[in-house]
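Architecture and fold: a report
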Amino acid sequence: FRTSGEGVLKAMLGGWQVAGIITAASGPAARIRFLSTGRPDQVGDPGAGQQPGLLWFRPDAFQPPPPGMYGTAPVAPLRLPGYHQWDISFSKNFYPGGQTRLQLRADFINAFNQTQFRGVNTFCGGVSSCVEFNRQFGTVTSMRAPREIQVGVKFYW
């Protein structure tokens, strides 16, 4: 619309600038922690990231080791949630006269408002099962911020 012959269309819709940043990362490796020995026994596939709802991995894939024994789970048997986020910015400059400039700007952080899981409870507690004293074992405990919209006006002189 910047080259449109219509003055109103050109003024309102022409000259907008769009910029964006896409950030994507896999989750870090996660340790499953146990009280005294440091690691529980791994007795199955945790299926990290494939569970329904807020359950990140299968809690029954881990169990406390026998008393006085070390656990068989690897040091980091699974990965925590990764993330991908789209940040988009729209801006337009107006030139009211002389050396002055007015800029309108809108920034959309996490523009598509995608839920981004963050923390997962990885503490195995109990004697016979990891969820005996910790019912949150294997569940998501926090999320990244939802969409944020910032609107701004700058005046240059």
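This report concerns the structure included in the present document. (Residues numbered from 1 in each chain as written. Predicted model: local features only at pLDDT ≥ 70, side-chain atom pairs only at ≥ 80, totals over all residues. Heavy atoms only, no water.)

**A word on the pattern of salt bridges**
Pairs can form between side chains of opposite charge whenever their charged atoms are close. Here is the rule we go by: One speaks of a salt bridge when a side-chain nitrogen belonging to Lys or Arg is within 4 Å of a carboxyl oxygen belonging to Asp or Glu. Three exposure classes are used, based on accessible area relative to the maximum for each residue type with a 1.4 Å probe and protein chains only: buried under 20%, partly exposed in between, and exposed over 50%.
For the structure on display, the rule yields 2 salt bridges. The partner of R58 in a salt bridge is D60, and the shortest N-O contact between them spans 3.1 Å. Looking at R58, the relative accessible area reads 30%, which means it is partly exposed. With its nearest N and O atoms 3.3 Å apart, the salt bridge here joins D107 to R105. A relative accessible area of 18% means that D107 is categorised as buried. The exposure class of R105 is partly exposed, given its relative accessible area of 31%.

**Overview of the state of the cysteines**
The following threshold applies: Our working definition of a disulfide is a cysteine sulfur pair at a distance within 2.5 Å.
Within this structure, the stated rule accounts for 1 disulfide. In this model C124 forms its disulfide with C130; the gap between the sulfur atoms is 2.0 Å. Sign of the S-S torsion, about -75 degrees for the bond between C124 and C130, identifies this disulfide as left-handed. Exposure remark for C130: the relative accessible area of 1% places this residue in the buried category.

**What to know about the environment of E132**
What counts here: Here a strand is any run of E in DSSP of at least two residues, a helix any run of H or I of at least four, and the numbering for each starts at the N terminus. It only takes one pair of heavy atoms within 4.5 Å for two residues to be counted as in contact. Under this definition, polar contacts are N or O atom pairs within 3.5 Å; protein pairs additionally need one hydrogen-donor-capable and one acceptor-capable atom, and for neighbouring residues in sequence, both atoms have to be side-chain atoms.
One can find E132 in the loop between β9 (123-124) and β10 (148-156). Put simply, E132 and I22 are 110 residues apart on the chain and 41 Å apart in space, counted from C-alpha to C-alpha. Setting aside anything within four residues of it in sequence, one finds E132 in contact with G125, G126 and V127. In terms of polar contacts, E132 uses its side chain to reach the backbone amide nitrogen of V127, at 2.8 Å. A polar contact of 2.8 Å, which involves the side chain of E132, links it to the backbone nitrogen of S128.

**Details of the side chain of Q103**
Checked against the element boundaries, Q103 lands in strand β8 (residues 100-109). What Q103 contacts, discounting residues up to four positions off in sequence, is S91, K92, N93, G152, V153, K154 and Y156.

**Here we look at the pairing of β8**
The line we're drawing: Two strands are counted as paired when DSSP detects at least two bridges linking them.
Here 8 bridges tie strand β7 (residues 83-97) to β8, and the two strands are oriented antiparallel to one another. Each bridged residue has a counterpart across the sheet, and for I88 the counterpart in β8 is F108. The hairpin turn running from β7 into β8, its antiparallel successor, is 2 residues long, and G98 in that turn takes a positive phi close to 60 degrees. Summarising the sheet, β8 and β10 pair through 9 bridges and their orientation is antiparallel. Bridging across to β10, A106 finds its partner in V151.

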